[in-house]
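An overview of the molecular structure
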Amino acid sequence: MCVLLSMVGCNAKVNKSMSYTYSVDTGDKIKLTLDTSDNYKLTSEVPFSILKDEETLSQGQFITAENYSQYVDVVNSDEKATLIDSGNKDGNEYIFWSYNDSEYNYAILITDSETGVIIGNPVSEESAKECFERIDISKAD
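Looking at the nonpolar core
Core analysis: the biggest nonpolar cluster contains 24 residues, and Leu 32, Phe 48, Phe 62, Tyr 106, Ile 108, Val 117 and Ile 137 have the highest contact counts within it. Setting aside anything within four residues of it in sequence, one finds Phe 62 in contact with Tyr 22, Val 24, Ile 30, Leu 32, Val 46, Phe 48, Thr 115, Gly 116 and Val 117. Counting residues in each nonpolar core, the second largest holds 8 residues, with Ile 63, Val 75, Ala 81 and Ala 107 among its members.

Have a look at this one:
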């Protein structure tokens, strides 16, 4: 009976995460939290990277709110850019697009801040979506 209970306990999935808080040029402090289950990892330096099994999938850097607006304008006007999705995640406005069908990018405008984030992924649309779904971005107090 004890062996059975210990085997069941070993199979339980444990959710893990890692967080970093960055002081950015806009004067804001931004917190990134990544779900690290399935061997995902977030690096602490800027530009930050999201890795899986030590392979870099996405890289990101901080931008201003004005830069975010410029990305939106470019996505809407550049014929090499294809808008895939836009909306709101965790209170943050975002756009997701491919450029030349070879690079997949998210631009995120962080609520109650003058800061945004741009995250690029050259691997695939699915990889970019997976990285975006795993990351939580917020203004730190």
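What follows continues from the structure just given.
Section: the packing of aromatic side chains
In this description, an aromatic ring pair is defined by two values, namely the gap between the centres and the angle between the planes. Under the counting rule described, the total for this entry stands at 9 aromatic pairs. Look at Tyr 22 and Phe 62: their rings are 5.2 Å apart centre to centre, the planes differ by 50 degrees, and that puts the pair in the tilted class. Taken as a pair, Tyr 22 in strand 1 (residues 17-23) and Phe 62 in strand 5 (residues 55-64) lie far apart in primary sequence, 40 residues in all. Phe 62 carries the same exposure label as Tyr 22, and that label is buried. A network of ring pairs unites the aromatic residues Tyr 20, Tyr 22, Phe 48 and Phe 62 as a single cluster. For Lys 89, the ring lying beneath its charged end belongs to Phe 132, and the centroid distance is 4.9 Å. Between Arg 134 and the ring centre of Tyr 40, over which it is positioned, the NZ or CZ distance is 3.8 Å.

Regarding the side chain of Ser 37
In this fold, Ser 37 is placed in the loop between strand 2 (29-35) and strand 3 (40-42). Look at Ser 37 and you get buried, because its relative accessible area is 8%. Reaching out from Ser 37, the side chain makes a polar contact with the side chain of Asp 35 at a distance of 2.7 Å.

With respect to the pairing of strand 8 (residues 103-109)
With 5 of its 7 residues buried, strand 8 lies for the most part within the structure. By the bridge criterion, 7 bridges tie strand 7 (residues 92-99) to strand 8 in an arrangement that is antiparallel. What sits directly across from Ile 95, in strand 8, is Ala 107. The antiparallel hairpin formed by strand 7 and strand 8 contains 3 residues in its connecting segment, where Asn 100 sits at a positive phi of about 60 degrees.

Focus on the sheet that holds strand 10 (residues 135-139)
With antiparallel pairing, the 3 strands of this open sheet are ordered in space as 1-2-10. Bordering the open sheet on either side are strand 1 and strand 10, each of which pairs with just one other strand. The mean inter-strand angle of the sheet, taken between neighbouring strand axes irrespective of direction, is 15 degrees. Direction of pairing for strand 1 relative to strand 2: antiparallel, over a ladder of 7 bridges. The residue of strand 2 that forms the bridge with Tyr 20 is Leu 32. On top of the sheet, helix 3 (residues 125-134) reaches strand 2 and strand 10; it is set at about 50 degrees to strand 10, its chief contact.

Cut-off values and rules
Residues numbered from 1 in each chain as written. Predicted model: local features only at pLDDT ≥ 70, side-chain atom pairs only at ≥ 80, totals over all residues. Heavy atoms only, no water. Core = buried A, V, L, I, M, F, W, Y, C linked by side-chain atoms within 4.5 Å. Buried < 20%, exposed > 50% of the residue type's maximum accessible area, 1.4 Å probe, protein only. Contact = heavy atoms within 4.5 Å. Phe/Tyr/Trp six-rings, centres within 6.5 Å; stacked < 30°, edge-to-face > 60°. Helix = DSSP H or I, 4+ residues; strand = E, 2+ residues; numbered from the N terminus. Lys NZ or Arg CZ within 6 Å of the ring centre and 35° of its normal. Polar contact = N/O pair within 3.5 Å; in protein donor to acceptor, adjacent residues only side chain to side chain. Pairing = 2+ DSSP bridges. Axes fitted to C-alpha atoms, helices over the stretch in contact; angles between N-to-C directions.

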